[in-house]
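Each chain, letter by letter, is given below.
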Amino acid sequence: MDKEEFKKIVDNPNFIQGIFNYCDRWCERCHMTHKCSLYATEKESIGDEEIDMQNEKFWEHLSDMFRITRELIEESAEKWGIDLDSIDLDEENTEYEELHEKTEKHSLSILGKEYTQKARQWHDSSEVILQAKEDEYNKNLELGIEDKEIKELIDVLEVVRWYQYQVHIKVNRALHGKLDSFEEDDEFPKDSDGSAKVALIGMDRSIAAWGKLLEYFPENEDKTLELLVILEKLRRQVEKEFPEARAFVRVGFDE
């Protein structure tokens, strides 16, 4: 894809500008991909093949996007009279590092990281039985038999795994935005609220999924309940820290 093709997709009036800023990046389960320019550029460059980190086309696409985006940045900088070489990188890096440190030390970030670690431990300790369930399901599919119970189990596991890391990442992005002096106190809607809302949606769905896993793995009840307590605590504290997050309107999704 060249720059003109990229701009043609981005400028397409049928797409909702910025819809991908507050999504969970789970394109396979998204009903708004037909309105997303980011999804369109990926599909145009890679096609219908699965986008994964081992796919050679993925890296070729990423390289193209880097080149095209740099060209657009340089064009925009020239248009607005910005000298890209005059930026004080040492000062910028210092400010970013200080902000990053504040974010990482925040109680919400610490709690989010704890949830991620506990969820990973749960998966590691259940790996053998989970793999056995998946193998059983795939074997039955080959025989033309679909086990709905195992299918549901696989689905809820996918939900948990998808949001396992994203919750912490989105919480940190929200904190980063709130702690950054660039975001004005009276600004509305706030980018930090949008990120917090995505994190909260991930928590809501994860709580529901863990609740189903309680039914499937009663022997893991203590570990699962511990996870749910951490997640519920994080959910409540995020809502307290970002009281307007639930009301944030994500373009395309909440309208």
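Refer to the structure printed above.
Read on for a plain summary of the structure. In this text the structure is predicted, and so the values were computed from the model without any measurement. (Residues numbered from 1 in each chain as written. Predicted model: local features only at pLDDT ≥ 70, side-chain atom pairs only at ≥ 80, totals over all residues. Heavy atoms only, no water.)

1. A word on the packing of aromatic side chains
Counted only if it meets this: Stacked, edge-to-face and tilted labels apply to pairs of Phe, Tyr and Trp rings (six-membered ring for Trp) whose centres lie within 6.5 Å, assigned for plane angles under 30 degrees, over 60, and everything in between, in that order. Here a strand is any run of E in DSSP of at least two residues, a helix any run of H or I of at least four, and the numbering for each starts at the N terminus. Working definition: with a 1.4 Å probe on protein chains only, accessible area under 20% of the residue-type maximum means buried, over 50% means exposed, and in between means partly exposed. Throughout this description, the term charge over a ring refers to an Arg CZ or Lys NZ atom that lies within 6 Å of the ring centre and within 35 degrees of the ring normal.
Inspection of every chain in the model, using the stated rule, returns five aromatic pairs. Consider the rings of Tyr-22 and Phe-248, whose centres lie 4.9 Å apart with planes at 65°: the pair is edge-to-face. Here Tyr-22, found in the loop between α1 (3-10) and α2 (37-46), pairs with Phe-248, found in the segment after α9 (221-241); they are 226 residues apart in sequence, far enough to count as distant. Tyr-22 sits in the buried class, given a relative accessible area of 14%. Phe-248 gets classed as buried once you look at its relative accessible area, which sits at 4%. Between Trp-122 and Phe-217 the ring centres are 5.6 Å apart and the planes differ by 80°, which places this aromatic pair in the edge-to-face class. Here Trp-122, found in helix α5 (residues 107-125), pairs with Phe-217, found in the loop between α8 (191-216) and α9; they are 95 residues apart in sequence, far enough to count as distant. Of the residues examined, Phe-217 reaches a relative accessible area of 1% and is grouped as buried. Here the aromatic cluster, defined as three or more aromatic residues joined through ring pairs, consists of Trp-26, Trp-162 and Tyr-163. Above the ring of Phe-242, the side-chain terminus of Lys-178 is found at 5.2 Å from the ring centroid.

2. Observations concerning the environment of Lys-178
Our working rule: Contacts described as polar in this section are N or O atom pairs within 3.5 Å, which, within protein, must combine one atom able to donate a hydrogen with one able to accept it, while residues neighboring in sequence count only if both atoms come from side chains.
Looking at the element boundaries, Lys-178 is found in helix α7 (residues 148-179). Expressed as a C-alpha distance, the spacing of Lys-178 and Thr-103, which sit 75 residues apart in the sequence, is 9.5 Å. One polar contact links the side chain of Lys-178 to the main-chain carbonyl oxygen of Glu-241, over a distance of 2.7 Å.

3. Here's the deal with unusual backbone geometry
Non-glycine residue Arg-25 carries a positive phi angle of around 65°. As for its placement among the helices and strands, Arg-25 is situated in the loop between α1 and α2. Relative accessible area serves as the criterion here: at 33%, Arg-25 is assigned to the partly exposed category.

4. Regarding the packing of α5 against α8
This is how it is decided: Axis angles are defined between N-to-C directions and span 0 to 180 degrees, where every axis is a line fitted to C-alpha atoms and, for a helix, only to the segment in contact. Small angles under 35 degrees read as roughly parallel and large ones over 145 as roughly antiparallel, with 65 to 115 read as roughly perpendicular and the rest as oblique. We call a crossing left-handed when the near helix sits turned anticlockwise from the far one by less than a right angle, and right-handed when that turn is clockwise. In this description, contact between two residues means that some pair of their heavy atoms is separated by no more than 4.5 Å.
Running from amino to carboxyl end, α5 crosses α8 at an angle of 30°, the nearest separation of the two axes being 14 Å. Here α5 lies roughly parallel to α8, going by the angle between them. In this structure, the crossing between α5 and α8 has a hand that is left-handed. Of the residues in α8, those touching α5 at Tyr-115, Ala-119 and Trp-122 are Ser-206, Trp-210 and Leu-213.

5. Looking at the nonpolar core
Filter applied, for reference: Nonpolar core, defined: a set of buried Ala, Val, Leu, Ile, Met, Phe, Trp, Tyr and Cys residues in which side-chain atoms within 4.5 Å join the residues together.
In this structure, Trp-122, Val-171, Met-203, Trp-210, Leu-213, Val-238 and Phe-242 are the most contacted members of the largest nonpolar core, which totals 34 residues. Looking at this core, the elements that each hand over two or more residues are α5, α7, α8 and α9. Here this core takes 10 residues from α7, the largest share from any one element.

6. Some details on the side chain of Asn-220
On the secondary structure map, Asn-220 appears in the loop between α8 and α9. Ignoring sequence-local partners within four residues, the contact set of Asn-220 consists of Trp-122 and Ser-126.

Note that all results are geometric; they support no functional claim without further evidence.
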